[in-house]
Amino acid sequence: MTNLRRDPADEPFRQEVRAFIAAHLPPDMARRSRQGFHAPRSDTREWTRILHARGWSAPNWAVEHGGTGWTLSQQAIFEEECTRAGAPLLDIFGLSMVGPLIISFGSEDLKSRILPPFLRGEISWAQGFSEPNAGSDLGSLQTRAVVEGDDYVINGRKIWTSGAHEATHIFFLVRTGEGTRNGLSMLIVDAHAPGLAIRPIIDIRKEHSLNEVILDDVRTPVANRIGEEGKGWGYAKALLENERAFAAEIPRNRQNLATLRQIAAATLRGGRPLLDNPLFAAKIAELEVEFLALEFMTLRALSQSASQSGGQSGGQSGGHRVDFGSLLKVRGAELVQRITQLQVEALGDHGAYFYSHDAHIAGEPQPVPGPALAPGIWSEAMYRRATTIYGGANEIQRTLIAKQYLGL
Amino acid sequence: MDFTLSEEQTLLADSARRYVEQTYAYEARRAAVATGEAFGAARWAQMADLGWLALAVPEARGGLGAGAVDFALLVEQLGAAMVLEPLVPVVAAARALLAAGADDALIAAVMEGHARPVIAHGDLSAPYAATAERHGAGWRVSGAASLVLGGAAATHYVIGAGTTAGLGLFLVPADWPGLGRRDVRLTDDSLGADLTFPALELPFEALITADGGAAWREGLAWLQMGLHAEALGAMDKALWTTRDYVRTRRQFGTELATFQAVQHSMADMVLEIELARSILLRLLSTFDGDSFDEASLDQTHAERDRMLAAAKVHFAKAGFYVGAQAVQLHGGMGLTDDYVIGMIFKRLVLLRNLHGGPGAALERLALEQRRGEHLAAGQRQMAQEAL
């Protein structure tokens, strides 16, 4: 039965979460993640470790796999409270992509070796899918893995690998046969394995988060393969679909909207706060409306995947099931860009100053003027041009929507 | 939270869809408009028989007690056919009357289809339409209400009039002396009414409640929510009609559907519609079921008002986009009077600009955001000082 209301038991839960975060979130970590700069992965790992001690490091996983078993609305409350307090975002690669894949398709051995240390904050993931000649068109990737004894030997090049230099493990999509449907496999590789070279790509905001990964006779045990050989394409699609369900970037968008309002309240334009300028306030309100709709669409998607029992669902439209992934990806990605762009606009002249990421991480005062929130704003807006490119560019998603939803 | 539809809800939506498909094709609507009648009396009786007028009435008051979600599901289907019968305005008025404590006989008459009260709302951005003062043993009510939806088909008007004690709700028969009614043809071919009542003399018992603020808001909230659900149905109809058209229409030796520009434009129609459905569900989550309990009403009202404004902003944008794109992709066909797509566009434009349009809603959200942020900034300041 449709029930759109929140559970009354949610309020005590919220208080419990809030109290825990207030007591355990290190203040310097909150400072680093409140601003637009990338928080270091070490913060994510440390926060994961703190949450793990309370049994909360995998909010979206079932209890049997070490998760919390929380309801969707509990998960949403947890995320709201984390955002509110400025906790670093958790490792989305692990929690929402490769983790669920290992849970669904991985061997018992793989699960027992990988999942517990991940939950303890000892593993950071990077995703090795894209190649110089395989971006949105993943089927044409060329990095190849060949079995030799108990190992796969991997050769090739991956690119745009976010966070590879800070990761402990990378999950690669590689070629183990011919064709797309049966020719790809998913392998987990130690990020420090011999023959694996990580070369930095300095990005548009002059930071190092992207990498090129060169694989030269890199060995990984056959036991590190997720699921069956040759089924990687199906797994990657499942993973990307899962990624897209999170691609509405609800936590990030919520945080960015809050920051936008703070900047607009703190910035004087013509002697009064920008937030009091009706034109600017209306622009923020428009983004807020888009967010409110997108957040509920995410809940519809999660509710649909939680009830795969085949019953009719509010996720259904016009009598057929909706593939929400692409819908969320397109508009979530665009919303990230629209909000961050408006943040830069709110900064006005202060948006022209270059703030140093290194100084920010080190906690040094920025030698340029501007509101306290200014560092990282421009940087984030520049970097997030990637949202409409990664995970299957928005053009690809629109074609997918036309195909899957409309049958065109 | 659970978005799964129950079996009853699925049946309700299916039966409404079948009703519309079998009896309310666009040609049938055109024929109904051509009769000059504000609504079809036989259709109204059918709707009463089907239980649709009792759906949103609590069981304790003799209704089906189905709630807002069921109502929206039903109305979405009717919206696809742009039905002329004033189901949404009448149910909205019934909700106001229920909240105001109107007697069971009146509510029963609504459910049976004999009474068709509508709210004389006028401009929603104004607090209410009229003022009232004691006059002899009764009341004298003065005011006006323009663009009353369903006004030409109504048997009664619910008039909200300010008294010295608060907002009084009055129930006035449509043929009451001194009530000036002018039926007006709207751009979607439906009939509304403009009301003027410079000095309406009413008996004392015409006053349903002297403290009708919450009931008035309840009625208007159901009216706006219902119109959004209708718009969703109309958008969905535009989408699938256009999909079928681009699959058959050929240019340059191939179907329009094969052009990526067409596909991407239609993908954006899908996006607007699914976001509209999402924000409608979010709005519905703020509607109370059967409870008219003061405390719970107060608690949910602020959030409901915020979501009404947010839904208005999104539906205005989505409705226009989807309607305009449907016209665009139909080419010249979209501009003809006898084809449904043009009418859907006209209807969506009408709904967009109704009740203050997106501008008033956006202004309300912006104002609230400003208050909220200044409050939060104050709290942050205090927290900082406490450290």
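The rules behind these values
- Residues numbered from 1 in each chain as written.
- Chains lettered and ligands numbered in written order.
- Predicted model: local features only at pLDDT ≥ 70, side-chain atom pairs only at ≥ 80, totals over all residues.
- Heavy atoms only, no water.
- Helix = DSSP H or I, 4+ residues; strand = E, 2+ residues; numbered from the N terminus.
- Buried < 20%, exposed > 50% of the residue type's maximum accessible area, 1.4 Å probe, protein only.
- Contact = heavy atoms within 4.5 Å.
- Areas by Shrake-Rupley, 256 points an atom, 1.4 Å probe, with all protein chains shown as cover.
- Rg over C-alpha atoms; globule rule 2.2 N^0.38 Å.
- Lys, Arg positive; Asp, Glu negative; His and termini not counted.
- Charge placed at Lys NZ, Arg CZ, Asp CG, Glu CD.
- Phe/Tyr/Trp six-rings, centres within 6.5 Å; stacked < 30°, edge-to-face > 60°.
- Expected span 1.5 Å × (residues − 1).
- Salt bridge = Lys/Arg side-chain N within 4 Å of Asp/Glu carboxyl O.
- Buried area = accessible area lost by both parts, 1.4 Å probe.
- Polar contact = N/O pair within 3.5 Å; in protein donor to acceptor, adjacent residues only side chain to side chain.
- Nonpolar A, V, L, I, M, F, W, Y, C, P; charged D, E, K, R; others polar.
- Domains from an automatic or database assignment.
- Core = buried A, V, L, I, M, F, W, Y, C linked by side-chain atoms within 4.5 Å.
- Arc of directions from axis to C-beta.
- pLDDT = per-residue confidence, 0-100.

Okay, the overall build of chain B next. Helices and strands together make up the secondary structure of chain B, namely 11 helices and 10 strands. Within chain B, the proportion of its 387 residues that are buried is 58%. Across chain B, the fraction of contacts at a sequence separation of at least 24, relative to all contacts at a separation of at least 6, is 75%. Counting only carbon and sulfur atoms, one obtains 54% of the accessible surface of chain B, whose full area is about 15400 Å².

On a plain count of helices and strands, chain A comes out with 13 helices and nine strands. Computed over the C-alpha atoms, the radius of gyration of chain A is 22 Å, within 12% of the 22 Å expected from 2.2 N^0.38 for a compact globule of 408 residues. Projected onto its principal axes, the C-alpha positions of chain A cover 70 × 55 × 45 Å. Expressed as a percentage of the 408 residues in chain A, the buried residues total 57%. Counted over contacts in chain A with a minimum sequence separation of 6, partners at least 24 positions apart contribute 73%. For chain A, the computed accessible surface area is about 16500 Å², with 53% contributed by carbon and sulfur atoms. Charge centroids of chain A, computed over 43 positive and 46 negative side chains, lie 4 Å from each other.

Let us look at the packing of aromatic side chains. Tallied over the full model, the rule gives 21 aromatic pairs over all chains. For the ring pair B:W139 and B:F170, a centre distance of 5.5 Å and an interplane angle of 75° mean the geometry is edge-to-face. Of the two residues, B:W139 sits in strand β3 (residues 138–148) while B:F170 sits in strand β5 (residues 166–173), which places them 31 residues apart along the sequence. Here the two residues B:W139 and B:F170 agree in accessibility, since each one is buried. Cluster of aromatic residues (ring-pair linked, three or more members): A:F13, A:F20, A:W56, A:W70 and A:F78.

Another point: the environment of B:M269. All names here are of chain B. Secondary-structure assignment places M269 in helix α8 (residues 260–284). Taking the C-alpha atoms as reference, M269 lies 7.6 Å from Q325; in sequence the two are 56 residues apart. The residues touching M269, leaving out its near neighbours within four places in the chain, are A238, L239, T242, Y321, V322, Q325, A326 and L329.

Under the 1.5 Å per step criterion, the end-to-end length of helix α7 (residues 213–248) of chain B is 53 Å for 36 residues, consistent within 8% with the ideal 52 Å. Of all 36 residues in α7(B), 29 are buried, a share of seventy percent or more.

Another point: the environment of B:G36. All names here are of chain B. Relative to the assigned elements, G36 resides in the loop between α2 (26–34) and α3 (41–49). On the basis of relative accessibility, which here comes to 41%, the residue G36 falls in the partly exposed class. Counting along the chain gives 166 residues from G36 to L202, while the straight-line C-alpha distance between them is 31 Å. Ignoring any residue separated from it by four or fewer positions in sequence, one finds G36 in contact with R185 and L191.

One pass over the structure, following the stated rule, counts 58 salt bridges over all chains. In this structure, A:E81 engages A:R18 in a salt bridge whose closest nitrogen and oxygen atoms are separated by 2.8 Å. Placement of the pair is A:E81 in helix α4 (residues 72–85) and A:R18 in helix α1 (residues 10–24), with a sequence separation of 63 residues. For A:E81, a relative accessible area of 2% puts it in the buried group. Exposure remark for A:R18: the relative accessible area of 28% places this residue in the partly exposed category. Two residues, B:R347 and B:E230, come together in a salt bridge whose shortest N-O distance is 3.0 Å. Residue B:R347 is found in helix α10 (residues 340–353), and its partner B:E230 is found in helix α7; the two are separated by 117 residues along the sequence. Judged by relative accessible area, which is 11%, B:R347 ranks as buried.

Every contact between the two is made by 51 residues of chain A and, on the other side, 52 residues of chain B. Buried area between chain A and chain B, both sides added, is near 5000 Å², and the carbon and sulfur share of it is 63%. Counting every contact that joins chain A to chain B gives eight salt bridges. Note that B:K317 and A:E290 form a salt bridge whose closest N and O atoms lie 3.3 Å from each other. Where chain A meets chain B, there are 15 residue pairs in polar contact (both at pLDDT 80 or more). Here the side of chain A that touches chain B gets 17 residues from one element, more than from any other, and that element is helix α9 (residues 278–306) of chain A. Grouping the constituent residues of the side of chain A that touches chain B by class yields 25 nonpolar, 14 polar and 12 charged.

One widely used convention gives an interface's size as the accessible area the parts lose upon coming together. Residues and elements named next belong to chain B. In terms of domain boundaries, chain B breaks down into domain 1 (7–116), domain 2 (119–209) and domain 3 (213–381). With 26 residues of domain 1 in contact, the opposing surface of domain 3 contributes 28 residues. Between domain 1 and domain 3 lies a buried interface of about 2300 Å² when both sides are counted; carbon and sulfur atoms form 71% of it. Here domain 1 and domain 3 share three salt bridges between them. The closest approach of N and O atoms between R95 and E218, which form a salt bridge, is 3.0 Å. Across the contact surface, domain 1 and domain 3 share three residue pairs in polar contact (both at pLDDT 80 or more). The set of elements that each furnish at least two residues to the side of domain 1 that touches domain 3 consists of α2, α4 (68–80) and α5 (87–100). With nine residues, the single largest contributor to the side of domain 1 that touches domain 3 is α5. Looking at the side of domain 1 that touches domain 3 residue by residue, the classes come out as 18 nonpolar, three polar and five charged.

Attention shifts here to the nonpolar core. Counting 191 residues, the largest nonpolar core has B:L87, B:V141, B:F170 and B:M225 as its most contacted members. When residues in this core are grouped by element, the largest group, 18 residues, is from α7(B). The contacts of B:F170, once residues within four sequence positions are left out, are B:A132, B:W139, B:V141, B:Y157, B:V158, B:I159, B:A161, B:L202, B:A206, B:L207 and B:I208. In this structure, A:M97, A:I123, A:L184 and A:I188 belong to the second largest nonpolar core, which totals 30 residues.

All names here are of chain B. Buried within α2 are the following residues: Y26, R29 and V33. In a view along the axis of α2, the buried residues occupy a sector of 55°, so they form one face of it. Pointing more than 90 degrees away from the buried face of α2 are the exposed residues E27 and A34. Taken together, the buried residues of α2 touch β6 (180–185) and α10. Residue G36 follows α2 closely and has a positive phi angle near 80°.

Taken residue by residue, chain B gives an average pLDDT of 93. The fraction at 70 or more is 94%. Within chain B, no element has a lower average pLDDT than helix α11 (residues 357–386) of chain B, which sits at 83, and none a higher one than α10(B), at 98.

A word on the environment of A:P278. Turning to its location among the elements, A:P278 is positioned in helix α9. A C-alpha to C-alpha distance of 29 Å links A:P278 and A:A85, two positions 193 residues apart in sequence.

Residue and element names in this part refer to chain A. Split into domains, chain A comes out as domain 1 (10–90), domain 2 (125–230) and domain 3 (247–404). On the domain 3 side, the residues contacting the 14 residues of domain 1 number 25 residues. The contact between domain 1 and domain 3 buries some 1700 Å² in all, and 60% of this surface belongs to carbon and sulfur atoms. Between the two partners, domain 1 and domain 3, sit one salt bridge. Of the charged contacts, one joins E79 and R254 as a salt bridge, the two residues approaching to 3.0 Å between their closest N and O atoms. On inspection of domain 1 and its partner domain 3, the count reaches one residue pair in polar contact (both at pLDDT 80 or more). Secondary-structure elements contributing two or more residues to the side of domain 1 that touches domain 3 are α2 (27–34) and α4. Per-class residue counts for the side of domain 1 that touches domain 3 are four nonpolar, five polar and five charged.

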